[in-house]
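Chain by chain, the residues run as shown.
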Amino acid sequence: MHASMMEMSPPSADAHVAFHVHGLTKTYRSGEIDVQALRGIDLDIFRSEILVLLGPSGSGKSTFLNILGGLDRPTSGEALFREHNLTKMSDRELTLYRRDHVGFVFQFYNLVPSLTARENVALVTEIAANPMKASDALAIVGLEARQDHFPAQLSGGEQQRVAIARAIAKRPEILLCDEPTGALDSETGIVVLEAIERINAELGTTSVVITHNVVIAEMGNRVASFADGRIADVRANASRRSARSLRW
Amino acid sequence: MPILDRKLLRDLWHVKGQALAIAAVVACGVAIVVMTYGAMMSLRQTRDAYYERYRFADVFSQLRRAPERVTSQIASIPGVAAGEARITHYAALDIPSLNRPAAALLVSLPERGEPRLNRLALREGRLPLHGRDELVISENMAQALGYRPGAHLSVLLNGRKRSFTVVGIALSPEFVYTLPPGQLMADDKTFGILWIDRRILEAAYDLDGAFNDVSVLLSPGASEPEVIRRLDALLSRYGGTAAYGRADQISNAYVDQELEQLRTVALVIPPVFLAVAAFLINMVLSRLIDTERESIGLLKSFGYSNREVGWHYLKFSLAITALGVLAGMAGGLWLGQWMTGMYQSYFRFPFLEYRIDPAVFSAAVFVSFAAAVAGTWTAVLRAVGLAPAMAMQPPAPTVYRRTLLDRLGLDRFVSMPTQMILRHIERWPVRAAVTTSGAAMAVMLLVGLFFFFDAIDELIDTFYFQANRQDVVIGLVDQRGARAEFDVGHLTGIRAAEPVLEVPARLSSGHLSQRLGITGLRQGTRFRAFYDAAGRSFTLPERGIVLSNKLADLLAVHGGSKVDVDVLDSARRHAQLSVSGIAVEHVGLAAYMDQRALAELTGEPHTLTSVQALVDRAMQERFLKRLKDIPAVATVSTREQAISSLRDTMAQSMTIVIDFYIGLGAIIAFGVVYNAARISLSERGRELASLRVLGFTTGEVTYILLGELALLVVAALPLGCILGYGLGWLMSAAMETKLFRVPFVIYPATYGTAMTITLVSASASAVAVAWRISRLDLISVLKTRE
């Protein structure tokens, strides 16, 4: 967190909680229709856990993730990152929050097509407070040999791994992944999940992963199931499976 | 280099076609400003430097004959810094290669050394040696006739033929522009200036120890009217016609009016161009940035601040604009220099001082960048105003409505693609309006510029066919008795001839006054028709005076008003006449009177300065040749030659500029449509590719995109014509000068040409875009989201 924000914040009530979410709702307009994307979410997300958000499309997972990442604002309710209320932050504070604490991975990679793999990562490391080297981040996802390729020269899995490298290069406390394997075949998907797993293990990054694939849910510490803008159920996996062992 | 800058460079490269089109529009706007102002200022600077270095006189007077000793009296007039007394005389020339008469103004050169005033700029050769039959010829005539030093030239000195050797070719600040006696247009082949040793002219014109022409240079701070008053008082007993200042000196008046016209054109057109360019940059860049919405959301999701994102895209726009500005400046400088050079050959300045005003530069640059920043900023604000999550999502499906067509139940007559076009236009009315107005501006510029050529045609038609009906005007070497008319009236081929008397006079009304020649015409003249403001023709009344409309404006008089007339010859007679009619004319200032009444006014009946005639077409050649043998005849102008001379001289200076503007107008038309099409393609590429996936042919898909543009461009045509009409009106009003008015008329063909150029430009850009549509990547559409 930005230094000044840290100083102003009260001491943490529970040092193990990364996010405390309460009564979160979100309604937005799509064209001429009001869509109630979230209808009251209550959830704590713990530090260094992998939380899988499961649910059919339209169930509100992405909206929830976007609010956690400071990309969107809820209609009501509150979301606290440690003690900082994301819902009350200004645009400027949200920008700094994203810059310093959050890494994103999107379903469609969202790489900048005019930049090479390394440059796409450097796009983030240039503005981060304590980043790793772009090439080191690419090494973590096994792409050091492809770092000078443009997105168009990379396969889908490779592009997604670049996106992950880009997300983790700043050493974020939070890694938010929206359907990271949605556009990939299972083999490539597993390589991508392994990267997420490894980062969680090595850097202790709190990771929230959206999927509608129940198999992937098995690699999480906990699984929250979304339906119709609500959390239907949260369960802890008694035994996590490694990404490598997953099959779908 | 920061990564964002690298992205910037690659993004620029990616949109290079569009970037170049935008830069071209910016470059046009800047280049026109730099070129026009540069040329204008350089010509003024050049003229001023020329006048100063070659000691162009301030006051001039012609007289009948004054003894040499009067020179010292002139020099002692307070305010006179220097005076030059000389002999000037019109003389006919015998030029075998010409099949019509030619003449020259002979100007004496002092016995020793160079003239003190109105110095010659020798282009070639040397000055004549004392006592030799040598002369220096003005460059315009030398070039027109192909004379070089060493050539021989026969001059009729007071009726006697004498052969001279051309020893030099020169320019003079006094004769930047030369007008043959009795004529309205310059004709370099048949009229020039010859500088000859004074002794020869003294002997030929019986002016031993005397002079008939004086020029005076004023000392700083001297009062010109006061010097003129004293000079007139001194010279009146020597037959002095009224002295006059630079403002009434013919060459200087023409140069001034040309520069004035150039200035007004510079004041009207470049700002219009720059405004159009600014509008286009604004429109194009803001739409270009709109297409970057997702990237903006992405950068924000990484934690880039609004300022950083804004600056990034601002740099993008600034880079494109900077390219345009640099190209515009370089091009404008180059063109300005070239244009100044063109004018220089037209004006005949011996040297050229190219100068540009940094303030003009800065203004053009500032306007261009301000437009770019404004366009970018609004678009960036739109994008950063969205939450990043929203920005990164494909925009929610746009709400389309049923169009008027649907509501009227006509939709079943229209294909689905056509409905898409109509709904798209109806959904984005502002965007459609912007594209349409962009194209309309191109049409406007073209109509408003082509108008000039219509105006010239109109001017020629009204002046040379409706108002003046003679085939030839014969200018006489000197004012002769009425016998000259008799002489030419007998020549074979002539169908009718009438003498014309021209008397220099000052017309005044209250404190307003103008110096000009009053034209005396015969009662019931067949050669001259007058038209009033309503277009009705009227005949020359026996009493009173008819003024051209511009003259009436300058004197602030109307029909029935009184004007004071002072005849500017040695007798200085005065009369008060009533304005009996006002004639609409586009060229010069003119006043017309009954010939007898005018002769009475001067007290010298039966004098004439030119003869106008109708000539049998088949005999015209022979007739002109015969005129060469009549010593009294100085010059002849035929209607065809006068018209081509008008096109060459008055029209030429403007045509250079206008041609440029038209080319640039076409570039703007292309730039607008190309960018509108390319941006539409990037906005709707996915949609169109999806249609291709669904089985639409390339042609059908192309139709959806280009059909819309075609509709918008077609809608722009009438709008552009209306705006062009307005611009034409503005131009005609702005270009009005004392000597030349641009009639306001736009022929239907002009609208056609302007619309055709715009359509051709638009089609060219459509072809470029159609080629891209045919290469849409269908697979990537299926694989990735927008």
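Residues numbered from 1 in each chain as written. Chains lettered and ligands numbered in written order. Predicted model: local features only at pLDDT ≥ 70, side-chain atom pairs only at ≥ 80, totals over all residues.

(A) Representation of the overall build of chain A in the model. Each helix and strand counted, chain A has eight helices and ten strands in total. For chain A, the C-alpha radius of gyration of 17 Å lies close to 18 Å, the compact-globule estimate for 248 residues. The C-alpha extent of chain A, read off along each of the three principal axes, is 45 × 45 × 45 Å. Counting only residues that meet the buried cut, chain A has 49% of its 248 residues in that class. Considering only contacts in chain A between residues 6 or more positions apart, those separated by 24 or more positions represent 70%. (Helix = DSSP H or I, 4+ residues; strand = E, 2+ residues; numbered from the N terminus. Rg over C-alpha atoms; globule rule 2.2 N^0.38 Å. Buried ≥ 20, exposed ≤ 12 C-beta atoms within 10 Å, placed from the backbone. Contact = placed C-beta atoms within 7 Å.)

(B) Region of the structure containing the overall build of chain B. Summing up its helical and strand segments, chain B has 22 helices and 22 strands in all. On the principal axes, the C-alpha backbone points of chain B span a range of 105 × 60 × 50 Å. Across the 786 residues that make up chain B, the buried fraction comes to 47%. If you take every contact in chain B between residues at least 6 apart in sequence, the share linking residues at least 24 apart comes to 84%.

(C) Highlighting the interface of chain A and chain B. Of the residues lining the interface, 26 residues belong to chain A; the matching set on chain B comes to 26 residues. Elements represented by at least two residues in the side of chain A that touches chain B include exactly α3 (91–101) and α4 (117–125) of chain A. No other element matches the seven residues that α3(A) contributes to the side of chain A that touches chain B. The class makeup of the residues in the side of chain A that touches chain B is ten nonpolar, six polar and ten charged. (Nonpolar A, V, L, I, M, F, W, Y, C, P; charged D, E, K, R; others polar.)

(D) How the structure looks around the nonpolar core. One finds V121(A), I281(B), A439(B), V443(B), V447(B) and V673(B) to be the most contacted residues of the largest nonpolar core, which totals 310 residues. Counting residues per element, this core draws most heavily on helix α2 (residues 16–53) of chain B, which supplies 22 residues. Discounting chain neighbours no more than four positions away, the residues touching V121(A) are A134(A), A137(A), L138(A), V162(A), A165(A), R166(A) and A169(A). (Core = buried A, V, L, I, M, F, W, Y, C linked by C-beta atoms within 7 Å.)

(E) The arrangement of unusual backbone geometry in detail. Unusually for a residue other than glycine, D228(A) sits at a positive phi of about 50 degrees. The residue D228(A) is located in the loop between β9 (222–227) and β10 (230–236) in this model. The phi dihedral of R55(B) is positive, around 50 degrees, even though this residue is not glycine. Along the polypeptide, R55(B) turns up in the loop between α2 and β1 (59–67). For R55(B), a count of 18 C-beta atoms within 10 Å corresponds to the partly exposed category.

(F) Region of the structure containing α3(A). Most of α3(A) sits inside the fold, with eight of its eleven residues counted as buried. All of the buried residues in α3(A) are L94(A), T95(A), L96(A), Y97(A), R98(A), R99(A), D100(A) and H101(A). Here the buried face of α3(A) lies against β6 (102–105) and β7 (174–178) of chain A together with α8 (293–301) of chain B.

(G) Highlighting the sheet that holds β1(B). Residues and elements named next belong to chain B. In spatial order, the strands read β2-β10-β1-β11; together these four strands make up an open sheet with antiparallel pairing. Looking along the sheet, the strands with just one partner apiece sit at the ends: β2 (80–86) and β11 (244–245). Note: β1 against strand β10 (residues 210–218), six bridges, orientation antiparallel. Counted as the bridge partner of Q62 is D213 from β10. Lying over the sheet, helix α6 (residues 224–235) contacts β1, β2, β10 and β11, oriented at roughly 15 degrees with respect to β1. (Pairing = 2+ DSSP bridges. Axes fitted to C-alpha atoms, helices over the stretch in contact; angles between N-to-C directions.)

(H) Summary view of the packing of α2(B) against helix α10 (residues 358–384) of chain B. All names here are of chain B. Viewed as axis vectors pointing N to C, α2 and α10 meet at an angle of 165 degrees, and their least axial separation amounts to 10 Å. As the angle between them shows, α2 and α10 are arranged roughly antiparallel. Here α2 and α10 pass one another in a crossing that is right-handed. In this structure, α2 uses V26, G29, V30, V33, V34 and Y37 to contact α10, whose residues at the interface are V360, F361, A364 and S368. Counted by class, the contact of α2 with α10 contains eight nonpolar, two polar and no charged residues. (Parallel < 35°, antiparallel > 145°, perpendicular 65-115°, else oblique. Left-handed = near helix turned anticlockwise from the far one by under 90°.)

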